[in-house]
Each structure stands twice: as C-alpha cells, then as structure tokens.
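Residue-level listing of the chains:
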Amino acid sequence: MITNFLRICILFWVCISAAESKVRINEVMSSNKNTFSDEDGSFSDWIELYNSGEDNVDLTGMYLSDDKKKLNKWTFPHTVIPAKEYLLIWASGKDKTGINGELHTNFSISADGEELILTDAGGLVIDRIEIPAMSSDKVYCRIPDGSDYLLISETPTPGNENIYSEFLTAPVFSNEGGFYQTAFNLTLTHPDPEAIILYTLDGSEPLLEHLDGYSYQYKNRYKELPINPNGSFINDQLKSFIYSGSISIRNRTSEPLDAARIPSTFQFNADYIPSATQDVFKGTVVRARVFKEGVGYGPISVHTFFVTSEGRSKYSLPVIALTASKDHLFDYEKGIHVAGADFDEWRSSHPLIPANPSVPANYQRRGDKWEYPGHFEYFEASKNIAVLNQQVGYRIHGGWTRSEPQKAFRIYARKDYGASNLEYPFFTQTQEDKFKRIILKNTFNFRVTDALTQDMVRHLNFPTQASQYAILFLNGEYWGIQEIKERFDKYFLESKYGIDPDNIDYLNNEAVVDEGDNLAYLKLLDYVRNSSMTSISDYNYLENNIDLENYIDYYATEIYTSNRDWPHNNIDYWRVKTDSTLKDVPYGHDGRWRWMVYDLDLGMNGVATADSFTHNTLEWASRDHSSTVLFRNSIKNPTFSAQFINRFADLLNTTFLYERIYPLIEQQKKDIVKFFPEHLKRWANINGGISRLNQTFDRMSNFVQNRSSFVRQDIQDKFQLKGQIQITLDVNYRNSRNYVRINTIDINNKTIGVATRPYPWKGIYFDGVPVKITAIATEGYEFSHWEGMPAGTPASFTGNFEENTTLTAHFNKLFTPEYFLNYTSSIGGYLEGDSTQKVEENAAGKAVTAVALQGYSFQAWSDGRTDNPRIDSDVLEDVSVQAMFRTTTRLKETQAELLKVYPNPAKHVLTIEKPELKDARYMILNVFGQQIQSGTFLASHPYIDISQLPEAVYILWIEDETGQRAYHKFGKN
C-alpha cells in the first residue's frame, strides 16, 4: 500500500481531467481499532479511492466531504492516482500531508453512518456513497473494485483488491428484551444452518472455550483492621451454552442472589450484603451470537427480560439494564468493583494501619486500561421495550464514593463499540439527545442533595448537569436507585457551546490539567497574587480573563450551599484557547475562564453536620490556602467586591428564597422516597433506613429556612459593611409589563424566585454598597417619576441606602393594551365558549367550560388552575392554556378496530363505517390533542368534509347517542 502511495507522489505523466475519470470511493473504514495505524501511530479512519480507468487522474484541487452542505470541506493537495491503482486517505481530522506524503483530511467518519462525497474542482460530484453504521475493523467496500455493488466486509484491504468475507449476522430473538407479565419460552434462530448459536445467562461473552465453564475467583472478606483475619477465596464460573432448545424466561425473584453476594468494599463485616434468599427482583439477561467454522464469531446481541405481574408499571422510573462480564467486575486480580489485589497489596505494606476510603483498591483504578466493554439497555418509564440497546464501555466513577458498596459507573459510547453516541433524550432539563458519556451516580448513603441543588440553580450563569433517577439492573439483578447524570468533559462543552473540544484548556482542582494546559491560568494566578488588585485596571484584567457573571454566580452557589468539599476539590473550569480575548463571538468562544457546578452532595446539609447552615463558607472560600488565591485576591478589588455583594444579595432575594426552595425539596422527596424500600433490600443495613432518608430532606428544609440570615451576616462582616437594609419596590400600575429592575434582577413573574404578582416587592441589601435601580416602561406606558426619591431622579439611578426604603415607580398610561386569551383541549374532551378572546388590560374574559367525553373527567388547566368554568379576570398578559382530561374507563381496543375510516389518507371527504352505526357527534383533533373541527353526522349519510384541513395527521373521535365511543387516526393530503 505504501509503495503504491509513494509511486503516486512522484508521477509526472499526463493525466486526464476529473470529469472524465473513473475514480470511485472504493473502500471505507469508519472505526479503525486494530487494523493498522498511520505514521503517527494513530488508528484513524481511512478512505480508499480506486481509479478503474486506463489513464492517470490528477486529483489536485478536488474535494472530499462528509457534509452535503459543504462539499469543499477538504481539498486534495497535488495528487495523482495512476490507472488501475489505489490511493489511501486518512480520515483522521489532522488536516495535513505527512512526512512521507500521507494524506489526512480535516474530518473523521462517524461509525453511526454518514454520506461521503468526492467532488471535482468545479463542484461536480464524481462519486458519493452512503456509509452504513459499522462496528470496529469492518469496511464498506465495492465488490469487485470500482463496481456499483457495495457491502460490509470483515476483511479490510487498503491499497489492494477488495475481498468479500462472509459477514455473520446476529441471532434473531423471538421476543425483544423488556417487561412481560407472564413467563414464556424464548427461541433463538439464525438463517445459516451451518452456524451454531452460543448464548450466556450470566452476562459474559458467549465463547466456545467457555462451554465447560471459565473460572475466576473473588475474596469473601478483607483485613479492614490489622486484627482481622484474612478472608478466603471463592471460585465462581462463567459459562456459555450451545442453543438447542427454548430458554425459559420467568420471574426469578425467589432465586438466590448472585453478584449481590460479592463484597464490593474492604469492610471485614460487609453488612450491606443481603441474605442469599432475600427476595430481590431479578430479570434474565440473554447474550447470544453465532459461530461458523472457517468464518468465526458473529456480532453479539443482548436482551434483558423482566417478568412480573405488574409489568412495566412496577417502576415509574426509567430502568437501565447494564450487562457486564462478572470477572471484569469481581475478579480478585482484574475486577474493578472489588477491593481485590490492590487492597491486599496495600495491607501487606501497611500491616498496622486501619484502612480508610482513600487507600488503594481495585475500584480506585482509572483510565482507559480499566474500561471494559458492556451492554446498555434503557427502558423509558412508559415503555415495555428498550428504547436504547447498544454496546458501551464502562468504568467505575467518582472519588471518595468509589469505596462505598454501591458504585457509580461511567458509561462510554465509542466507535469501537459500534455507536459513537448514546442517542436518546434522557433528561428533561436539556434538549440534548446525543451523549458520548453519562454517569450512573450511586445513592448508597442517600446522596440526593446534588440533584436537587443543581435543579435549584439551573437558570444561573453556569452549566449544570442534567439528571434523572433510574433503577439499575446489573446482569439482570436489581442493583438499586442510581442517578443518571451528564458528565462534564470536553464533549459536554462541544455539545453545549459548539466549541472545538480539542482546542480548550480544561482544568480541575488546583490547576490540574484535564485537557490542554494550565499556562494561561497560572498566568492569571500570578497576576492576582502579585498585584494590589485595588485599581480599575486590575478589575479590567479580571473582566478580560474571567467571565465574571459566571464566576460570581458559581461562588455564590458554592458558598450559599455551605460546600466544604470545595474549592480544593470538586472544581472544574475551562476556556477556549485564544491568544487574547475575542469580541463579538458566540458565548464561550471568547477565551475567558468559566466555572461549572457539580458534586454538591456535601452542601445544603445533605451530610449531617451540626453547624451546616451557620458555617462561614465565605471565609472558608477566602482562607489562606493555595486553592483560594484567585477569589481571595479578587475580592480585594472594590469594583469586583461590590459586584459580588450585590449579585449575591440579588440571589438571596430570589433564587435562594426558602419559599422557592422548600417546594422543590418536598417534590423530590415525594418523587423518590417510595422507591427506597426495595433499594434497602438490595443494600442492606444502610444506617437509619427510610427514616434517615426522610431526615436528609428535613435537614435540607431546615438548612434553607435558616441559611440566608447567616450568609448575609458573613458578607457584612467580611466586607466590614455598616448594616443591612430592606428595599421595598412598587409600581403604580401593577401589571407584568411595567416593572423595576434592581441590580441584576427584574421584578416580574418571568424572574425565578419572584412571585406571579410581585408588588410590593421586598429585598435585603447592604448599607455601603450602592445598588442600581431602573424603572422599565413597556408598550402603552412611559416612566413618570419616583415616589420616595427627589424630584427629577431619572428612571435609572445608582444609590446607597442607609435605612429601610420604599420606592414606587410611577408610569403614565399612553393607551390601554389588549391581550389574547387562547384555550385548547387535550384528548378526552372539548370546550364550550369562545376559545379565542381579546380583552383589555385589567379586564375579564368570558367563561370557557371544559366538557369531558364519556370515560373521561376534567383534571386541570395546563397552568395548574382547576376552576371550571374558567374566567380569566384582571388580565395583565396573554393567556394560552389547555384543558387536561384523565381517563376514567379504558376504551376497548375492539371498539377502535371496528371503526373504519377511508380513504386514508383522504383529500376532501372521510367516509365512516362502523357496525350498527348511529347518528353521532364527532371531533377531529391534531396530534397535540387540540380540537380542530367538530360536528355531527347521520347514520344515513356518514361523511365528514375535511377539505379545509391542512395536510397533517389527525385523530377522529366519535360518540353516538348511546354513549359508545371510538377513535381512528387518519391523514389529510
């Protein structure tokens, strides 16, 4: 291959034009794991071109692209491909020509599949192929070379004639993994009679060499204390089977525990292990593949089955089934879920020291070497069958929590495993639906504070981790409640801000490098350490190098929550690499440093400490310590300190209000406490049980009820301020359009932490720190004057208040604004009254009644109101709500089946056919449940005119005079 490549580079004979060429994209590898490496030693993607013509072709100035919207993505340098020869191009993303002439594009190829396009210099497409999703080391190639026939082959031939090797498919399961209410027999089939089907039931890889079993060993206990005796080794087996008959799928809850009996810590008395006969719910994981003599193994399919009379309703949370070979988790030497050999090696070197959570153990292992392949199935809360089923990599995740019995897992999607992403919208807090990595965080010691706190501050000027509680099964065995979380890393930043993940500095703790380098940050530290930090130029330096809004919100959150596992720990910050700060660029691209909030489990008194809400965390964050240099010196600057104090005061008056946070705590408690009894069966003897979990929520409530007053006093003392004052703000026209802004917060119902009808509004600020107050008039009004300030005070002013003050912004009305009231109905009912109304400000609309169909009842309006009929009075803004209905009796499937609607799709008229059809009322709803059309039809004339409907999919509901109902989907074209 290299010989051919070098020959191409020195060719000088006459070449034909690209338009006349017979150059084709001949072979592509989108996931090169072990095939061969480029000159840098990287296993990059690659593309092979083949010239099937009789003449040499000059490719200079031609293009390769994986984006049909940007055909000129990568340009060929001076390159000639001889007749009947091959050219290899590395799709590495390195965008270079190597020292020996190797070509590297500026893009790589997605293993999930994408288009690849070869274009001549004038933009004419020469060749284009649609690459399918492929697992590692397979190629998509033309057989024979240069032909129109493309297929996946297991035999890569870069620079040589393409060869087709048989590609074995996965076995076919008679049932998909999921939730079933009754037991059944699973059958496995394969179209090739010469292939044998291998399967396992223990999560291990099906292998011929494991038909007689493969043994590994684990230890039943460890020398936690020097006086403890040593434990014994227990032998366990992994076993593969040749499929010869159906596999029984049943409820296995009464069967003895398996992996749950293996110690996962160095504790001598592992009291978290339930008894062997404990009724912990169990599923059945079937992992299967085929083997054919002379060809080898085919791909592995994995399905996890749960049988329970409750079906999917057993859990109202999402369910994750993680399949992993038990030796990778629990083997004494290589298992990453046990204390193992690493702990015993430490113990032999420290015979007299009691163990603590930070000592070496197998579960402390980090990095690529300790990432094992597994399988990930995700069952959405309302779905019986997995919405995601793919191979992944997994590692143990966390710091201190690695030593706890229940581990946190980090899940990786990679091309090497098949799919480059976990493609599913796991979280309601973000619109992202592709993730390269997620975390399955443990909840062993009732670690619930972080999720709640991040939800509490998600609207502030820093990124937070989206999260979702779920039930984890490991190899079919119930493993407890875990919290699915986004993982902060370069890919998170790429997804959120569209930055180049390979062009950032990403640091944690005290300038520890995760990505890039720490040179710019050390330069920043050097400046603030050696400057007086008191001048405006010092403030400008900070502002030029730090996103101060982000930095202040971040520190205010950590300080308010009383997080003492910080800032020496659990602190991540990043910037895009730039030589200087950039202007007029998208957020995050300017080169300034930004911080990210994570791991607040020790905040909000999540872990009981007597002085949590009284703790002076402001002093902690600015104490004489290497981790506090930046903040400790920044607050010496009077401009920065005033900005910090006022923003913190704004947050204490809104985001951190007890009245706002307490309902969040109660809602989380309601959502998850009901799942913990089963969790405590699996993880036995967690101190305090459910009562301790309830105490955790009680402590958080107590914390937020008392915290603000102590924080304010700490601020007053730290900055030597004279005192605290209450500012009361009001407006003469109390509507949502005229409002007052104080510092950074708008006092209206769009601001989180401000009441729906906020005026008069009260906030606590500090004597000695001037605040900025602005009256904002909107459509139909103009600012007149301030009541409580001297005549002539402008709409926006900055002042220092030494005592409690009340200010009222007066506005003059220019004209009376009008607002729209829009009412819609979900499936199960309809509206009586005007669904669209226009009213003047402060006036009342007309009554609208939500009427339920038979089998339904009115539940509420989408804004939470339950009054019916509904009248919106004192209207101050547009209203758009939907009437929500709940089912009281289920519509039998047979009723829907008996209703026939044709033609479907229809253009002008629908014909209705139903046995014993009677005169009926009908409704046509869109897919959002909104009523689009309604009326009646006669049994003697069962037609509905739909000519005025836009092209779309609709739902037809009919109800006849006897109360019989039926529905049917139809399309309008």
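Novice: I'm lost on the overall build of the protein chain in this one. Help?
Specialist: Within the protein chain, the secondary structure is distributed over 15 helices and 60 strands. Taking 30 Å as the expected radius of gyration for a compact globule of 973 residues, we find that the protein chain reaches 33 Å, a close match to that expectation. Dimensions of the protein chain, computed from the C-alpha atoms along their principal axes, are close to 90 × 90 × 75 Å. Among the 973 residues that make up the protein chain, the fraction classed as buried is 55%.

Novice: What is the right way to read the pairing of strand β29 (residues 388–397) from this model?
Specialist: Put simply, side chains in a regular strand alternate between the two faces of the sheet. In terms of residue burial, β29 counts as a mostly covered element, since eight of its 10 residues are buried. Both β29 and strand β30 (residues 408–412) contribute to a ladder of five bridges, which runs antiparallel. Directly across from Gly 393, in β30, lies its bridge partner Tyr 412.

Novice: Even after reading the chapter, I still don't get the packing of aromatic side chains, so can you show me in this structure?
Specialist: To describe a pair of aromatic rings, one takes the distance between the centres and the angle between the planes. By the definition in use, this model includes 68 aromatic pairs. Between Tyr 372 and Tyr 394 the ring centres are 6.3 Å apart and the planes differ by 45°, which places this aromatic pair in the tilted class. Of this pair, Tyr 372 sits in strand β28 (residues 372–379) while Tyr 394 sits in strand β29, and the two are 22 residues apart along the sequence. By relative accessible area, which is 0% here, Tyr 394 ends up buried. With centroids separated by 3.7 Å and ring planes inclined at 15°, the aromatic side chains of Tyr 527 and Tyr 541 adopt a geometry described as stacked.

Novice: What is the right way to read the sheet that holds strand β39 (residues 594–596) from this model?
Specialist: Each strand in a sheet pairs with its neighbour through backbone hydrogen bonds, running either in the same direction (parallel) or in the opposite one (antiparallel). In spatial order, the strands read β37-β36-β38-β39; together these four strands make up an open sheet with antiparallel pairing. Edge strands, defined here as strands with exactly one partner in the open sheet, are β37 (512–515) and β39. Going from strand to strand, the sheet's axes swing by 30° on average, the running direction of each strand aside. Judged from the three bridges that link them, strand β38 (residues 572–576) and β39 form a sheet pairing that is antiparallel. When the bridges of β39 are listed, Asp 572 appears paired with Met 596. Lying over the sheet, helix α5 (residues 490–497) contacts β36 (504–508), β37, β38 and β39, oriented at roughly 125° with respect to β36.

Novice: Would you mind going over the sheet that holds β30 with me for this structure?
Specialist: The strand order β27-β28-β29-β30-β33-β35-β34 describes a closed barrel built from seven strands, whose pairing is mixed. Each strand of the sheet is rotated relative to its neighbour by a mean of 40°, with strand direction disregarded. Helix α4 (residues 449–456) rests against β33 (437–442), β34 (467–474) and β35 (477–486) of the sheet, and its axis sits at about 30° to β35.

Novice: Which parts of the structure should I look at to understand the environment of Asp 547?
Specialist: For Asp 547, the position within the fold is in the loop between α7 (536–545) and α8 (548–560). Put simply, Asp 547 and Glu 154 are 393 residues apart on the chain and 51 Å apart in space, counted from C-alpha to C-alpha. Among residues more than four places away in sequence, those in contact with Asp 547 are Tyr 587, Arg 592, Trp 593 and Arg 594.

Novice: How do you make sense of the packing of helix α11 (residues 638–652) against helix α14 (residues 689–718) when you look at a structure like this?
Specialist: Interaxial distance between α11 and α14 falls to 11 Å at its minimum, and their mutual angle equals 170°. It follows from the interaxial angle that α11 and α14 lie roughly antiparallel. Across the interface between the two elements, Ile 645, Phe 648 and Leu 652 from α11 touch Ser 708, Val 711, Arg 712 and Ile 715 from α14. Broken down by class, the residue content of the contact of α11 with α14 amounts to five nonpolar, one polar and one charged.

Novice: It is not clear to me how the pattern of salt bridges should be interpreted in this structure. Could you clarify?
Specialist: Opposite charge on two side chains permits them to pair, given that their charged atoms come into close proximity. Applying the stated criterion across every chain yields a total of 51 salt bridges. Notably, a salt bridge pairs Lys 292 with Glu 194, separated by 3.8 Å at the nearest N-O pair. With Lys 292 in strand β24 (residues 284–292) and Glu 194 in the loop between β18 (188–189) and β19 (196–200), the pair connects residues that are 98 residues apart, well separated along the chain. Residue Glu 194 is classed as exposed on the basis of its relative accessible area of 58%.

Novice: What should I look at first to understand the nonpolar core in this one?
Specialist: For soluble globular proteins, the rule of thumb is that nonpolar side chains tend to be buried together. In this structure, Tyr 560 and Phe 644 are the most contacted members of the largest nonpolar core, which totals 161 residues. If one sorts the elements of this core by residue count, α8 sits on top with eight residues. Beyond its immediate sequence surroundings of up to four residues, Phe 644 is in contact with Ile 552, Tyr 555, Ile 559, Leu 618, Phe 631 and Phe 719. In this structure, Phe 76, Ile 89, Ile 109 and Tyr 140 belong to the second largest nonpolar core, which totals 24 residues.

Novice: What's the story with helix α12 (residues 658–672) in this structure? I'm lost.
Specialist: Since one α-helical turn is 3.6 residues long, residues separated by three or four positions face the same way. Taking 1.5 Å of rise per residue, 15 residues should cover 21 Å, and α12 covers 21 Å from first to last C-alpha, within 8% of that figure. Residues of α12 that are buried: Arg 660, Ile 661, Ile 665, Gln 668 and Ile 672. Projected down its long axis, α12 shows its buried positions confined to an angular sector of 125°, all on one face. Facing away from the buried surface of α12 by more than 90 degrees, the exposed residues are Glu 659 and Lys 670. Buried-residue contacts for α12 involve α4, β34, α8, α13 (676–682) and α14.

Novice: Even after reading the chapter, I still don't get the side chain of Ser 622, so can you show me in this structure?
Specialist: Turning to its location among the elements, Ser 622 is positioned in the loop between α9 (617–621) and α10 (629–634). Of the residues examined, Ser 622 reaches a relative accessible area of 5% and is grouped as buried. In terms of polar contacts, Ser 622 uses its side chain to reach the backbone carbonyl oxygen of Leu 618, at 2.9 Å. Look past the residues within four positions of Ser 622 in its chain and what remains in contact with it is Thr 628, Phe 631, Arg 632, Ile 635 and Lys 718.

Novice: When you look at the confidence of the model for the protein chain in this model, what are you seeing that I'm missing?
Specialist: Reading predicted coordinates in detail is not appropriate for stretches of low pLDDT. Of all residues in the protein chain, 94% attain a pLDDT of 70 or more, and the chain-wide mean is 90. Overall, residues 1–19 carries pLDDT values under 50, and its contacts beyond four positions in sequence, including any with other chains, amount to 42 contacts. Confidence drops under pLDDT 50 across residues 890–897; counting only partners more than four residues distant or on other chains, this segment forms eight contacts.

Novice: When you look at the environment of His 968 in this model, what are you seeing that I'm missing?
Specialist: Note on placement: His 968 falls in strand β60 (residues 965–972). Looking at His 968, the relative accessible area reads 23%, which means it is partly exposed. Taking the C-alpha atoms as reference points, His 968 and Pro 299, 669 residues apart in sequence, are found 41 Å from one another.

Novice: What am I meant to see in the side chain of Thr 464 here?
Specialist: Mapped onto the fold, Thr 464 is located in the loop between α4 and β34. Among the polar contacts listed, one links the side chain of Thr 464 to the side chain of Arg 458, at a separation of 2.8 Å. Setting aside residues up to four positions removed in sequence, Thr 464 forms contacts with Gln 454, Val 457, Arg 458, Glu 486, Phe 488, Phe 492 and Val 597.

Novice: Help me understand unusual backbone geometry, please; the structure alone is not making it clear to me.
Specialist: Excluding glycine, residues mostly have negative phi values, and the peptide bonds linking residues are mostly trans. For the bond from Tyr 759 to Pro 760, the omega torsion is 0°, close enough to zero to count as cis. Mapped onto the elements of the fold, Pro 760 is located in the loop between β42 (745–746) and β43 (761–767). Looking along the chain, the bond that leaves Tyr 902 and enters Pro 903 is cis, with omega of -10°. One non-glycine residue, Ala 511, adopts positive backbone phi at about 65°. The topology assignment puts Ala 511 in the loop between β36 and β37. For Ser 562, which is not a glycine, the phi torsion comes out positive at approximately 60°. Structurally, Ser 562 can be placed in the loop between α8 and β38.

Reading the values: rules and limits
Residues numbered from 1 in each chain as written. Predicted model: local features only at pLDDT ≥ 70, side-chain atom pairs only at ≥ 80, totals over all residues. Heavy atoms only, no water. Helix = DSSP H or I, 4+ residues; strand = E, 2+ residues; numbered from the N terminus. Rg over C-alpha atoms; globule rule 2.2 N^0.38 Å. Buried < 20%, exposed > 50% of the residue type's maximum accessible area, 1.4 Å probe, protein only. Pairing = 2+ DSSP bridges. Phe/Tyr/Trp six-rings, centres within 6.5 Å; stacked < 30°, edge-to-face > 60°. Axes fitted to C-alpha atoms, helices over the stretch in contact; angles between N-to-C directions. Contact = heavy atoms within 4.5 Å. Parallel < 35°, antiparallel > 145°, perpendicular 65-115°, else oblique. Nonpolar A, V, L, I, M, F, W, Y, C, P; charged D, E, K, R; others polar. Salt bridge = Lys/Arg side-chain N within 4 Å of Asp/Glu carboxyl O. Core = buried A, V, L, I, M, F, W, Y, C linked by side-chain atoms within 4.5 Å. Expected span 1.5 Å × (residues − 1). Arc of directions from axis to C-beta. Polar contact = N/O pair within 3.5 Å; in protein donor to acceptor, adjacent residues only side chain to side chain. pLDDT = per-residue confidence, 0-100.

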